[in-house]
Amino acid sequence: MSDLLWQKPGVAVDAQIQAFLAGDDVLLDREFFLHDIAASAAHAEGLHRIGILGGDELGGLKRELATLAEDFRNGDFVLDERYEDGHSAIEARLTERLGDAGRKIHTGRSRNDQVLVATRLWLKEKLARVAQLSREIARVALDRAEAEKDLPVPGYTHVQRAVVSSAGMWWAGWAEAFIDDAIRAADTLRLVDANPLGTAAGYGVNLRLDREHTTQVLGFARMQVSPIYAQLSRGKFELAALEALGSATLDLRRIAWDLSLFTSTEFGFVALPAQYTTGSSIMPNKRNPDVIELMRATHASVAAARTEIEQLLSLPSGYHRDLQASKGAIFHGFGRGLAALELLPALLANLEWREDRLRAAIDSGMYATDVAVEAAIAGVPFREAYKAAAASSDTAGQGRTPEGSLAARTSPGAAADLRLDALRARWEAL
Ligand code: ARG
């Protein structure tokens, strides 16, 4: 391993203890190494602005940081156990290439604000992606709601047949859900969009660091003011981000559950394109919907990451190494969550309804509520009308059609008017 930044003369490093301290930290740091490099360049600029670095030194640092980023991207530089962590690797590389300029890069910063700034930059990108994907999912759902507005689908409560519904209603429900998820992700992005660089170890530093400049160069909306809160917010903003992601993966879990039911032989309402299914190693007849099942499983990873971080935050103020353990959780949670959300728009766009099966699953009992409400409109007290419809629920629906039932509830002005125009307007405003 390269020299530890903090090593004391005469104190030997115990390999087993060092391995425990390191864990897989340096490998995790690969995830936001490019963000750490970008923040290092901004910090160098800031140091130049207050005279800590000369013009040549800044030029050299910016050049070498750009080269390091390039080498990392194309695999010529591998971030591995040769270094304690990604932060040390940057300083080691700059020192190796530039000598004193490299040895100056850490002036006025701590790995504590370094890891914070890299995490916030990384999370901003991920939250933007969650918002974008939620918007995309909502778009597919809205388009299909418009196209399949009148296709009858049985509506269930308690997984028991309840009332006539439609593909339009089903899709519109998911469209509205994912619009909310997009808003949640964008709101959380605003919370995360604050620059901690310059707060050092959590108590500031005796330098006139140009924090406004690094805030602007790194594209943050604002500066994190309190150095104490910069550290206190670690874990907390990751938790908020996982909650925003979790809002989308929770909806994903529920839509995947619907599709798991709807694609079963017993329901048979939906056919999935073959590439979303797998086979069995022993049962030649099987076509299993593994993709939607793993989509459904995704929320478990997000929720687990949230729980892990929440448990870590049982700490007094100030930096503690415990906080390092939040990184694995956040990377894993976002890794799984985004991988699943990325697949959803195309899956939804390509699923096919089986109209014959949908119509066959609508029985006359599903008109009973319509019958009772119609009697109430005619002046019968609703409770009486309800009893009468219950007594004749097998026959009350005779002569009725799914289209008629839907029209009475979903036509313009009716209580369940789909209002796809209003949803579309909300979507446009995202
Ligand atoms: N890997 C560390 C973390 O994620 C970086 C900060 C180390 N700071 C320290 N004082 N040891 O928290």
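Criteria and thresholds
- Residues numbered from 1 in each chain as written.
- Predicted model: local features only at pLDDT ≥ 70, side-chain atom pairs only at ≥ 80, totals over all residues.
- Helix = DSSP H or I, 4+ residues; strand = E, 2+ residues; numbered from the N terminus.
- Rg over C-alpha atoms; globule rule 2.2 N^0.38 Å.
- Buried ≥ 20, exposed ≤ 12 C-beta atoms within 10 Å, placed from the backbone.
- Contact = placed C-beta atoms within 7 Å.
- Domains from an automatic or database assignment.
- Nonpolar A, V, L, I, M, F, W, Y, C, P; charged D, E, K, R; others polar.
- Core = buried A, V, L, I, M, F, W, Y, C linked by C-beta atoms within 7 Å.
- Pairing = 2+ DSSP bridges.
- Axes fitted to C-alpha atoms, helices over the stretch in contact; angles between N-to-C directions.
- Parallel < 35°, antiparallel > 145°, perpendicular 65-115°, else oblique.
- Left-handed = near helix turned anticlockwise from the far one by under 90°.
- UniProt positions renumbered as here; feature names shortened; annotations may be inferred.
- Near = placed C-beta within 6 Å.
- Expected span 1.5 Å × (residues − 1).

Asker: Which residues make up the overall build of the protein, and what are the values?
Answerer: The secondary structure content of the protein amounts to 18 helices and six strands. For the protein, whose C-alpha radius of gyration is 29 Å, the value lies well above the compact-globule estimate of 22 Å for 430 residues. The 430 residues of the protein split such that 42% are buried. Of all intrachain contacts in the protein linking residues separated by at least 6 positions in sequence, the fraction that spans at least 24 positions is 78%.

Asker: Kindly report on the domain arrangement of the protein, identifying the contributing residues and their values.
Answerer: Looking at the protein, the domain boundaries give domain 1 (15-107), domain 2 (112-207 + 226-360) and domain 3 (364-415). Using C-alpha coordinates to define each centre, domain 2 is positioned 38 Å away from domain 3. Taken together, the contacts link 10 residues of domain 2 with eight residues of domain 3. Elements represented by at least two residues in the side of domain 2 that touches domain 3 include exactly strand E1 (152-157) and strand E2 (160-166). Among the elements that line the side of domain 2 that touches domain 3, the one with the most residues is E2, at five residues. By residue class, the composition of the side of domain 2 that touches domain 3 is six nonpolar, one polar and three charged.

Asker: I'd love a proper account of the nonpolar core, names of residues and values included.
Answerer: Judged by nonpolar contacts, the single largest core of 89 residues is most densely connected at Leu 127, Val 130, Ala 141, Ala 175, Phe 178 and Ala 241. When contributions to this core are tallied by element, the ones reaching two or more residues are helix H3 (33-49), helix H4 (55-74), helix H5 (86-98), helix H7 (111-147), helix H8 (167-192), helix H11 (236-262), helix H12 (290-312) and helix H13 (326-350). The dominant element in this core, judged by the number of residues it contributes, is H7, at 17 residues. Formed jointly, this core draws a minimum of three residues from each of two domains, domain 1 (15-107) and domain 2 (112-207 + 226-360). If we ignore the near neighbours within four places in the chain, the residues touching Val 130 are Ala 185, Ala 244, Leu 245, Ala 248, Leu 338 and Leu 341. With 10 residues, the next largest nonpolar core counts Val 164, Ile 362, Ala 372 and Ala 389 among its residues.

Asker: Hey, could you go over the pairing of E2 for me, with residue numbers and the actual values?
Answerer: Bridge analysis of E1 against E2 gives six bridges, and the strand direction is antiparallel. Residue Val 153 lies in a different strand from E2, and its bridge partner there is Ser 165. Connecting the antiparallel pair E1 and E2 is a turn made up of two residues, with His 158 showing a positive phi of about 55 degrees.

Asker: Pulling in residues and values, what's your account of the packing of H3 against H5?
Answerer: The geometry of H3 relative to H5 is characterised by a closest axis approach of 10 Å and an angle of 50 degrees between their N-to-C directions. Between H3 and H5, the angle is such that the two are oblique. The chirality of how H3 crosses H5 is right-handed. Facing H3, whose interface residues are Phe 33, Asp 36, Ile 37 and Ser 40, H5 presents Gly 86, His 87 and Ile 90. In the contact of H3 with H5, the residues fall into three nonpolar, three polar and one charged.

Asker: Break down the UniProt feature "domain: Fumarate lyase N-terminal" (unreviewed entry) in the protein for me, with residues and values.
Answerer: Under the present numbering, the feature "domain: Fumarate lyase N-terminal" (unreviewed entry) in UniProt falls on residues 36-302. Strand forms 7% of residues 36-302 and helix 63%; the C-alpha atoms that close the span are 24 Å apart.

Asker: Explain the site of the ligand to me, and be specific about the residues and the numbers.
Answerer: As a structural note, the neighbourhood of the ligand is formed by Asp 25, Asp 85, Arg 111, Asn 112, Val 115, Tyr 319, Arg 321, Leu 323, Gln 324 and Lys 327. No other element matches H7, which puts three residues into the shell around the ligand. Classifying every residue of the shell around the ligand gives three nonpolar, two polar and five charged.

Asker: Can you explain the packing of H3 against H4? Please cite residues and give values.
Answerer: Packing of H3 against H4 brings their axes to within 10 Å, and their N-to-C directions diverge by 175 degrees. On the basis of the axis angle, H3 is roughly antiparallel to H4. Contacts between H3 and H4 involve Phe 33, Leu 34, Ile 37, Ser 40, Ala 41, Ala 44, Glu 45 and His 48 from the first element and Leu 58, Leu 61, Lys 62, Leu 65, Leu 68, Ala 69 and Phe 72 from the second. For the contact of H3 with H4, a count of residues per class yields 11 nonpolar, two polar and two charged.

Asker: Before we move on, can you summarise H5 with the specific residues and values?
Answerer: The first and last C-alpha atoms of H5 sit 18 Å apart over 13 residues, in line with the 18 Å expected at 1.5 Å per residue. Structurally, H5 contributes buried residues whose contacts are with helix H2 (25-28), H3, H4, helix H6 (100-104) and H7. Backbone geometry just after H5 places Gly 99 at a positive phi near 70 degrees.

Asker: Explain the environment of Ala 89 to me, and be specific about the residues and the numbers.
Answerer: When you line up the elements, Ala 89 lands in helix H5. Through-space distance from the C-alpha of Ala 89 to that of Val 26 is 9.1 Å; in sequence the pair is 63 residues apart. With near-sequence residues (within four places) excluded, Ala 89 lies in contact with Leu 79 and Tyr 83.

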